[in-house]
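The lines below spell out each chain.
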Amino acid sequence: MTLLTGDTLFNGKVGRCFTGDFEGFFRSIKRILALPPDTMLYAGHDYVLEYLDQAEELEPANTFIKEYRTRYNPDLVRAVLGDEMKVDPFIRFNEPEIVNMLTGRGLPVDTEFHRFRSIMSLV
Ligand SMILES: [Fe+2]
């Protein structure tokens, strides 16, 4: 399966929620995350290196980010969802490492939506 994610999901980061409708934006992200891990994603912009830098700042112990970075090809920017779910802290809001990081910053983590809002507040 192939998905054009436009400005909703980039490589290493979700898009901005320009409308302020975070619940709707969260539902869109959840629909994408429910797709098969081998879904090939094509984002609307190439912010790969910048966003991988941010991902490493938020999750410095995530060694997969470095591996993902080596595959970066500016002539063909794409990634499978399964790999995206290993590097993008903004869709890793249920991973213990991210939950611990959010908790350490005193951010709400009680529900999945709280965790999503908390990680989104760090951009
Ligand atoms: Fe755009």
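For the structure, check the block above.
Just so you know, these numbers come straight off a predicted model, no measurement behind them.

Enquirer: Requested: an account of the packing of helix 5 (residues 96-104) against helix 6 (residues 112-120), with residues and values cited.
Expert: For the pair helix 5 and helix 6, interaxial distance at closest approach is 10 Å and the crossing angle is 65 degrees. Between helix 5 and helix 6, the angle is such that the two are roughly perpendicular. Handedness of the crossing formed by helix 5 with helix 6: left-handed. Where helix 5 approaches helix 6, its residues Ile98, Val99, Met101 and Leu102 are matched on the opposing element by Arg115, Ser118 and Ile119. The residue makeup of the contact of helix 5 with helix 6, split by class, is five nonpolar, one polar and one charged.

Enquirer: Any details on the layout of surface pockets? Residues and values, ideally.
Expert: If you add up the space inside the largest pocket, you get close to 280 Å³. What lines the largest pocket is a set of 15 residues, and nearest its centre among them are Phe10, Gly15, Arg16, Phe18 and Tyr51. Within the lining of the largest pocket, the residues separate by chemical class into nine nonpolar, two polar and four charged. What the second largest pocket holds in volume is close to 240 Å³. The wall of the second largest pocket is formed by 13 residues, among which Tyr68, Arg71, Tyr72, Arg78 and Ala79 lie closest to the centre.

Definitions and limits used
Residues numbered from 1 in each chain as written. Predicted model: local features only at pLDDT ≥ 70, side-chain atom pairs only at ≥ 80, totals over all residues. Heavy atoms only, no water. Axes fitted to C-alpha atoms, helices over the stretch in contact; angles between N-to-C directions. Helix = DSSP H or I, 4+ residues; strand = E, 2+ residues; numbered from the N terminus. Parallel < 35°, antiparallel > 145°, perpendicular 65-115°, else oblique. Left-handed = near helix turned anticlockwise from the far one by under 90°. Contact = heavy atoms within 4.5 Å. Nonpolar A, V, L, I, M, F, W, Y, C, P; charged D, E, K, R; others polar. 1 Å grid on protein atoms, 1.4 Å probe; cavity = no way out; pocket = protein on both sides within 12 Å on 5 of 7 lines; lining within 4 Å. Points joined across faces, edges and corners; volume = space filled by probe spheres on them.

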